[in-house]
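These are the residues of each chain, in order.
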Amino acid sequence: MSVIEAEGLVKVYKSRKSEVRALDGLSLRVEEGQVLGLLGPNGAGKTTTVRILATLLRPDAGRATVAGYDVVRQAQQLRSVIGLSGQYAAVDENLTGRENLWMFARLYQMPSPEAARRAGELLEQFDLVDAGDRVVKTYSGGMRRRLDLASAIIARPRLLFLDEPTTGLDPRGRLGMWEVIRQLVRDGATLLLTTQYLEEADELADGIVVIDHGRIIAQGTADELKTQVGGERIEVVLHARADIPAAIERIRPYGDGDAIVDEHTKRVTLPSTGGAQALVQVVGALNEASIAIDDIGVRRPTLDDVFLSLTGHAAADGQGPEPDDEPAMATGRAA
Amino acid sequence: MTTTPVATPHAGVGGVRQAFSDGLVIGWRNLKRIPRIPELAIFAIIQSIMFVLLFAFVFGGAIPLPGYTDPNAYREYLLPGVFGQTIAFASATTAIGMTDDMAKGIIDRFRSLPMARSAVLTGRSFADVIYNAGILIVLMISGWFVGWTVRTDVLQFAIGVGLLLLFAFAMSWIGIWLGLSVPSVEVGQQVSFVVIFPITFISNAFVPIQTMPSWLQPFAEWNPVSTLTASVRTLWGNPHPFATNNFPSQQPILVTLLWVAVILAVFVPLGVRKYRSVSR
C-alpha cells in the first residue's frame, strides 16, 4: 500500500481582499521506501501540502491518508509515525542540542532514560557530538538543520517530511545536508521532500512531482521530465557578436536541428546527439574559420529547462503578487 | 482504508497522565530557558526595583496616606502594590514568550508531535508561575530594605504569597491567549502595555483610591489589581487606608478569588481554542 494517498486536496487562504487557492485539487501517492520530490517555485503550494499531510493544517476539500491514518480524523495516531523537518529550523535555540533531542523524544512519549539514550545516538549519527552540550544559538546554519533533521527522525518515523531542507544554506552546508539525507535514504526511509532547487530534486529524489499554482503540472523521474524538453545540446559562447552568422553556418552540419541564438549573451545552442565526438568537430570547424570562442560544452537539459518549458517561467523567479505558500499572518511567522 | 497501521511502541499513553507529563516537559523547557536569556529576568527585576525606588523616594513624599502620619507608612503601603503590579505585568512576559515560540516555528514542531495538546499551554503557565515566584523573592528582599515588613504571622504571609501566585497563574492565561492572537512580538509588547498599564495604575497599587475622582473610584475599587493588593495588605498587616462599605473593600480576598475564577473561565478556553486553530 502507499504510505501517502492524497486525493483532490484543496486549501484556500482567504484574506479581506483576496482569495488564494494554495492547493487546487492536488492528488499524490508515495510508496514505501520512495523518495518523492515535490518541486515548485515559491507559492506553488509545496509547504501547504506538507502541512496538511503532517496534520498541521486542515484541507478545505479532499482527503488524505498517511501510513493508513486519516490526516484529519486520526491526526494524533498519525503524529507518532511521522517526522517533520521544516523550512525554518524549528528547534529551541536556547536549549542545547542534547536537551532539544531529549525534549522531543519525551514528547514522542519515550521514557526519560530511553530519550537520553536516543539523543546521544542521534548526536553521533549527525556529527553533533562536540556541539551536543552547547546552546543551539551558537550553531551554524548547517548544524541547526542537522539537529532539526535529527529531531524529525527521533521516533524512527515511517515517513519523513523535509520541507525545503537546504533553503538558506551555503553550498557546503547544502552538500553536507544532501549527504545526511542520502544516508537516510540508504537506510530505507520514505521521504517527501519539497524543494525549489531543481538540482536538489534531481540529486535526491527518485520520483518528481512538479507543482505550480496548487496543481500538478508534470510528474515522472528526472530523466523522463528531461526527455520532455529534448536531449543534449552543444552550447557555444562566442567572443564577438559579429561572428554569430558565420558560426551558425559552420556548426550546422554537426547538429540535429536549428541552432538557437541568444544575441545578448552571444550564445549559440545546437541540438545534438553526437556527444563528445560532435563537440570535437564543432571546435575544429570554428577553429578552422578562426572564430574565437569564450566557452563551449555539451549540456544536458536541467530541470530548470523542464520548468521553463512547462510553466513558461523559471522556477527561481517568484510569482509576482502571489504570497508564499501561506500568509505570514496565519502562522505568525515572518515570511 | 482497510490496512491496519503498524503500532508504534510509544503511541497511545493518552489521558491525564500524558497531559501532565508532557506539561512538565514543556515547563522544564521554559524554565531551562530563563538562565539562558538572563537579560529577560534581570530587566524584569530591575524594572520592579526601579518602581520601588521611584515611588518610595520620588513620588512617595508627595502622596499622603490618609490616617497615617508616619512618613515610612507609604513605603510599607507601596510594596504590596509593586508586587501586584509585577504579577500583572508578568502576563506580558507570557504573551511575548508565546508569540516568540510561534514566530520561531517551534510551535509547529510541537503540533506535529504526538503530545497532549494542552501541554504547550499548561507548561508555559506552570513555568511562568515559578518564574514569578523567583521575582517576588527578589522584590521582597529589596522591599525589606526600604522599610516593608510583614506584621502578621507565617500563615497569613503564606496565604498572601499564594494569592499573588494564583493571580499570576490566571494572568498567564491572558498572556497565552494574547500571545497566540498577535502577529508579532512587537505588537504583543505594545498590546500588553496598553492593556496592563491602565489596569495597574487605576488601582490602589501606588496611590490611595480616595484621591481619584469619584467617577473613577468604582472602577479602581473593583479592579483585580486593587483587590489583590488590598488582600495582601490586609493579610500582612500593612497600611491599607481605603475601606468603604462597598463589597470589594470589605471582602478583597473573596473578590480576588472571584476574579481569578472569571479570568480562568474565560481565557483558558479562549487560549486552548486559539492554540488549536493556529494556522488552520
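K.L.:
Explain the domain arrangement of chain A to me, using residue names and the numbers behind them.
P.N.:
When its domains are assigned, chain A resolves into domain 1 (2-81 + 157-227 + 312-331) and domain 2 (232-299). Here the C-alpha centre of domain 2 of chain A lies 39 Å away from the C-alpha centre of domain 1 of chain A.

K.L.:
Give a detailed account of the sheet that holds strand E2 (residues 19-31) of chain A, specifying residues and quantitative values.
P.N.:
Residue and element names in this part refer to chain A. Strand order across the open sheet formed by four strands is E2-E1-E4-E5, with antiparallel pairing between neighbours. Strand pairing shows two members of the sheet lacking a second neighbour, E2 and strand E5 (69-70), which therefore form its edges. For strand E4 (residues 61-66) and E5, the ladder comprises two bridges, and the chain directions are antiparallel. Looking across to E5, one finds that Val 66 is bridged to Tyr 69. Against the sheet, helix H1 (residues 46-53) makes contact with strand E1 (2-14), E2 and E4, and its axis sits at roughly 60° relative to E2, the strand it touches most.

K.L.:
Any chance you could break down the packing of aromatic side chains for me, citing the residues and the numbers?
P.N.:
Counted by the stated rule, this structure contains 20 aromatic pairs over all chains. When the centroid spacing of 5.5 Å and the interplanar angle of 35° are considered together, the rings of Phe 157 of chain B and Trp 236 of chain B count as tilted. Taken together, the positions of Phe 157 of chain B in helix H6 (residues 154-181) and Trp 236 of chain B in helix H9 (residues 224-236) put the pair 79 residues apart, joining distant regions of the chain. According to the relative accessible area criterion, Phe 157 of chain B is partly exposed, its value standing at 27%. Consider the rings of Phe 197 of chain B and Phe 201 of chain B, whose centres lie 4.7 Å apart with planes at 35°: the pair is tilted. Of this pair, Phe 197 of chain B and Phe 201 of chain B are both found in helix H7 (residues 185-201), four residues apart, which corresponds to roughly one turn of the helix. Joined through ring pairs, the aromatic side chains of Phe 51, Phe 55, Phe 59, Phe 89, Phe 193, Phe 197, Phe 201 and Phe 206 of chain B make up one cluster. Over the face of the ring belonging to Tyr 197 of chain A we find Arg 174 of chain A, whose NZ or CZ atom lies 4.0 Å from the ring centre. Of note, Arg 233 of chain B hangs over the ring of Tyr 77 of chain B, and the distance from its end group to the ring centre comes to 3.6 Å.

K.L.:
Got a sec to walk through the pattern of salt bridges? Specific residues and values, please.
P.N.:
This model, assessed by the stated rule, comprises 30 salt bridges over all chains. Residue Asp 24 of chain A pairs with Arg 215 of chain A through a salt bridge whose shortest N-O separation is 2.9 Å. Of this pair, Asp 24 of chain A sits in strand E2 while Arg 215 of chain A sits in strand E10 (residues 215-220), and the two are 191 residues apart along the sequence. You can call Arg 215 of chain A partly exposed: its relative accessible area is 46%. Across the pair Asp 101 of chain B and Arg 29 of chain B runs a salt bridge whose closest N-O atoms are separated by 2.9 Å. Of this pair, Asp 101 of chain B sits in helix H3 (residues 73-104) while Arg 29 of chain B sits in helix H1 (residues 15-36), placing them 72 residues apart in sequence.

K.L.:
Give me helix H6 (residues 171-186) of chain A: which residues, what numbers.
P.N.:
Residue and element names in this part refer to chain A. With 16 residues, H6 extends 22 Å from end C-alpha to end C-alpha; this agrees with the ideal 22 Å at 1.5 Å per step. Burial in H6 covers these residues: Gly 173, Arg 174, Met 177, Trp 178, Val 180, Ile 181 and Leu 184. One side of H6 carries all its buried residues, which in axial view fall inside an arc of 165°. Residues of H6 that are exposed and point more than 90 degrees away from the buried face comprise Pro 171, Arg 172, Leu 175 and Arg 186. On its buried side, H6 packs onto helix H4 (112-125), helix H5 (141-152), strand E7 (159-163), strand E8 (190-195) and helix H7 (198-204).

K.L.:
Can you tell me about H7 of chain B, naming the residues and giving the values?
P.N.:
All names here are of chain B. The terminal C-alpha atoms of H7 lie 24 Å apart, and with 17 residues this matches the ideal 24 Å at 1.5 Å per residue to within 8%. Among all positions of H7, only Gly 188, Ser 192, Ile 196 and Thr 200 are buried. Buried positions along H7 lie against H3, H6 and H9.

K.L.:
Tell me about the confidence of the model for chain B, and please be specific about residues and values.
P.N.:
Averaged over chain B, the pLDDT score is 87; the fraction of residues at 70 or greater is 94%. Mean pLDDT values for the elements of chain B range from 83 in helix H10 (residues 247-250) of chain B up to 95 in H6 of chain B.

Cut-offs and rules
Residue positions within a chain follow its written sequence, with the count starting from 1. Note on labels: chains are lettered from A, ligands numbered from 1, in written order. Local features in a predicted model are, by the rule used here, given only for residues with pLDDT of at least 70; side-chain atom pairs are given and counted only at 80 or more, and totals for whole chains, interfaces and linings are based on all residues. Hydrogens and waters are ignored; side-chain quantities use all the structure's heavy atoms. Source of the domain bounds: an automatic or database domain assignment. Pairing between strands requires that DSSP locate at least two bridges from one strand to the other. Each helix is a run of H or I in the DSSP string that is no shorter than four residues. Each strand is a run of E no shorter than two, and both are numbered from the N terminus. Every residue pair with non-hydrogen atoms within 4.5 Å of one another is taken to be in contact. The axes are straight lines fitted to the C-alpha atoms, using for helices just the contacting stretch, and the angles between their N-to-C directions are given from 0 to 180°. For this analysis, a ring pair means two rings from Phe, Tyr or Trp (six-membered ring only for Trp) whose centres lie within 6.5 Å, classed as stacked if their planes differ by under 30 degrees, edge-to-face if by over 60, and tilted for the remaining angles. Exposure categories follow from relative accessible area, calculated using a 1.4 Å probe and restricted to protein chains: below 20% of the type maximum is buried, above 50% is exposed, and the middle band is partly exposed. Criterion for a charge above a ring: Lys NZ or Arg CZ within 6 Å of the ring centre, and within 35 degrees of the ring normal. The term salt bridge refers to a side-chain nitrogen of Lys or Arg lying within 4 Å of a carboxyl oxygen of Asp or Glu. Here the expected span of a helix is defined as 1.5 Å times the quantity of residues minus one. The arc in question is traced by the directions running from the helix axis to the C-beta atoms. Values of pLDDT, ranging from 0 to 100, describe the predictor's confidence in every residue of the model.

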